[in-house]
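# Summary of structural features
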Amino acid sequence: MIKRRISSKLVDARILALYELDQFIDYIRTIHPELKPNESAVVAAVVLNNLPNLFLENPLLVDELKKVVAIVKKQVSHNAQGSMN
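Notes on the structure in this doc start here.

Parameters and conventions
Residues numbered from 1 in each chain as written. Predicted model: local features only at pLDDT ≥ 70, side-chain atom pairs only at ≥ 80, totals over all residues. Heavy atoms only, no water. Helix = DSSP H or I, 4+ residues; strand = E, 2+ residues; numbered from the N terminus. Rg over C-alpha atoms; globule rule 2.2 N^0.38 Å. Buried < 20%, exposed > 50% of the residue type's maximum accessible area, 1.4 Å probe, protein only. Areas by Shrake-Rupley, 256 points an atom, 1.4 Å probe, with all protein chains shown as cover. Lys, Arg positive; Asp, Glu negative; His and termini not counted. Charge placed at Lys NZ, Arg CZ, Asp CG, Glu CD.

### Here's the deal with the overall build of the chain
Looking only at helices and strands, the chain has three helices and zero strands in total. Taking 2.2 N^0.38 as the reference for a compact globule, 85 residues should give roughly 12 Å; the C-alpha atoms of the chain span a radius of gyration of 17 Å, well beyond that estimate. Structurally, the chain occupies a C-alpha span of about 50 × 40 × 30 Å along its principal axes. Taking all 85 residues of the chain together, 6% fall into the buried category. As presented, the chain carries roughly 7,700 Å² of accessible surface, and 64% of it is formed by carbon and sulfur atoms. Distance between charge centroids for the chain: 14 Å, based on 11 positive and 9 negative side chains.

This is how it looks when you write it as structure tokens:
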């Protein structure tokens, strides 16, 4: 197996994504409190799996996603420029 080095920025981004996923799982349990933690995690996985179809069926969501992408790219670019100074 080939090992590859993962940048600290990617690790930080993945940690943020996992944190947000955990928050979403907790949110699902507020909608259905009877769910066990593992069940709400499976529900979250199903939702994530279906997100591409949701975006395909809702062009307004794609527009919102593009706005988020632009904001993130701008912030990342700004932070990178700040670290160069």
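The rest of the description comes next.
### Considerations on the environment of Val62
Mapped onto the elements of the fold, Val62 is located in helix H3 (residues 59–84). Since its relative accessible area comes to 27%, Val62 is described here as partly exposed.

Everything listed here is a matter of geometry and, on its own, says nothing about what the molecule does.
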